[in-house]
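Examining the three-dimensional arrangement
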Amino acid sequence: MKFFIDTANLDQIREAQALGVLDGVTTNPSLMAKEGITGANNILKHYVDICEIVDGDVSAEVIAVDFEGMVREGEALASLHPQIVVKIPMTEDGVKALKYFSDAGIKTNCTLIFSVGQALLAAKAGATYMSPFIGRLDDVSTDGLDLIEDIRLVYDNYGFETEILAASVRHTMHIVNCAKIGADVMTGPLSAIKGLLKHPLTDIGLAQFLADHKKGNQ
Ligand code: E4P
């Protein structure tokens, strides 16, 4: 399972990269705005800065909502750096853009997936990744993990190569359960990734080992 971090914060990306388990980064316009990155040139530069920190795919989202605009923006994003993956929303024009980029050999991530039907369309259009937002489904009393399970079944039925990128991951159990179901990738906050480290018995065990070592060496 690939681990992506879902942020545009360079310090957090550096910290996750230093851990040695990071496979990529996802961003979106909200995450960029949260870091105060505004203006076309600053946004493009920020994507390059991210690519220079990580060794893996970096999703950069188009703002255009029409096919021509998505193609124009996506091509500009893809030309920034070989690690850029063009992030396209699941809309009618978005599906056409996914097919266009797939035919052109440019990697894509289809975002804002909330149903199996949408996932099926993204795969048919040749998306490289497809992002079901599990946390946002949980927020409206719908189990996001059920969607991941259903998409896994459908993709396996037909051997679709589009990778299931579980997005809107909020905590460690989302990651663990996505891994059990067989999501190809998860993208989440640094807190959820680092949360996987924690177990009180590890802390207790380590304290005991160190205390015994100290006693034995007095
Ligand atoms: C996915 O690529 C999105 O950036 C993201 O996971 C959305 O998460 P949120 O629901 O926590 O905003």
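Residues numbered from 1 in each chain as written. Predicted model: local features only at pLDDT ≥ 70, side-chain atom pairs only at ≥ 80, totals over all residues. Heavy atoms only, no water.

Our focus in this paragraph is the packing of helix H1 (residues 10–19) against helix H3 (residues 40–53). Look at H1 against H3: their axes get within 10 Å of each other, and the N-to-C directions meet at 15°. The orientation of H1 relative to H3 falls into the category roughly parallel. In the crossing of H1 with H3, the sense of the turn from one axis to the other is right-handed. Where H1 abuts H3, its residues Leu10, Ile13, Arg14 and Gln17 lie against His46, Asp49, Ile50 and Ile53. Classifying every residue of the contact of H1 with H3 by side-chain character gives four nonpolar, two polar and two charged. (Axes fitted to C-alpha atoms, helices over the stretch in contact; angles between N-to-C directions. Helix = DSSP H or I, 4+ residues; strand = E, 2+ residues; numbered from the N terminus. Parallel < 35°, antiparallel > 145°, perpendicular 65-115°, else oblique. Left-handed = near helix turned anticlockwise from the far one by under 90°. Contact = heavy atoms within 4.5 Å. Nonpolar A, V, L, I, M, F, W, Y, C, P; charged D, E, K, R; others polar.)

Remark: the centre distance and the inter-plane angle together describe each pair of aromatic rings, the angle taken between the planes. Tallied over the entire structure, the rule returns six aromatic pairs. Aromatic pair Phe4 and Tyr129: ring centres 5.6 Å apart, planes at 75°, arrangement edge-to-face. In this pair, Phe4 sits in strand S1 (residues 2–6) while Tyr129 sits in strand S6 (residues 129–132), placing the two residues 125 residues apart along the sequence. Side by side, Phe4 and Tyr129 carry an identical accessibility label, which is buried. Three or more aromatic residues joined by ring pairs make a cluster, and in this case those are Phe67, Tyr100 and Phe101. (Phe/Tyr/Trp six-rings, centres within 6.5 Å; stacked < 30°, edge-to-face > 60°. Buried < 20%, exposed > 50% of the residue type's maximum accessible area, 1.4 Å probe, protein only.)

Neighbouring the ligand are Asp6, Thr26, Asn28, Lys87, Phe133, Arg136, Ala167, Ser168 and Arg170. At 2.7 Å, a side-chain N or O of Asn28 approaches an oxygen atom of the ligand. In this structure, Lys87 approaches the ligand through a side-chain N or O atom, which is 2.7 Å from an oxygen atom. Relative to its unbound accessible surface of 340 Å², the ligand loses 85% to contact with the protein. Of the residues belonging to the shell around the ligand, the class tally is two nonpolar, three polar and four charged. (Near = heavy atom within 4 Å. Polar contact = N/O pair within 3.5 Å; in protein donor to acceptor, adjacent residues only side chain to side chain. Areas by Shrake-Rupley, 256 points an atom, 1.4 Å probe, with all protein chains shown as cover.)

Interhelical geometry of helix H8 (residues 144–158) versus helix H9 (residues 172–181) gives an angle of 20° and a closest axis separation of 10 Å. Considering the angle they form, H8 stands roughly parallel to H9. In this structure, H8 crosses over H9, and the sense of that crossing is right-handed. Residue-level contacts link Leu145, Ile148, Glu149 and Arg152 of H8 to His174, Asn177, Cys178 and Ile181 of H9. When grouped by side-chain class, the residues that make up the contact of H8 with H9 number four nonpolar, two polar and two charged.

What follows deals with a nonpolar patch on the surface. There is a patch of nonpolar side chains on the surface, built from Met173, Val176 and Leu196 and spanning about 220 Å² of accessible area. You can see Leu196 is positioned in the loop between helix H10 (190–195) and helix H11 (200–216). Given the relative accessible area of 34%, Leu196 is considered partly exposed. (Patch = residues over 30% accessible without salt bridge, like charges linked within 9 Å, V, L, I, M, F, W, Y side chains within 5 Å. Salt bridge = Lys/Arg side-chain N within 4 Å of Asp/Glu carboxyl O.)

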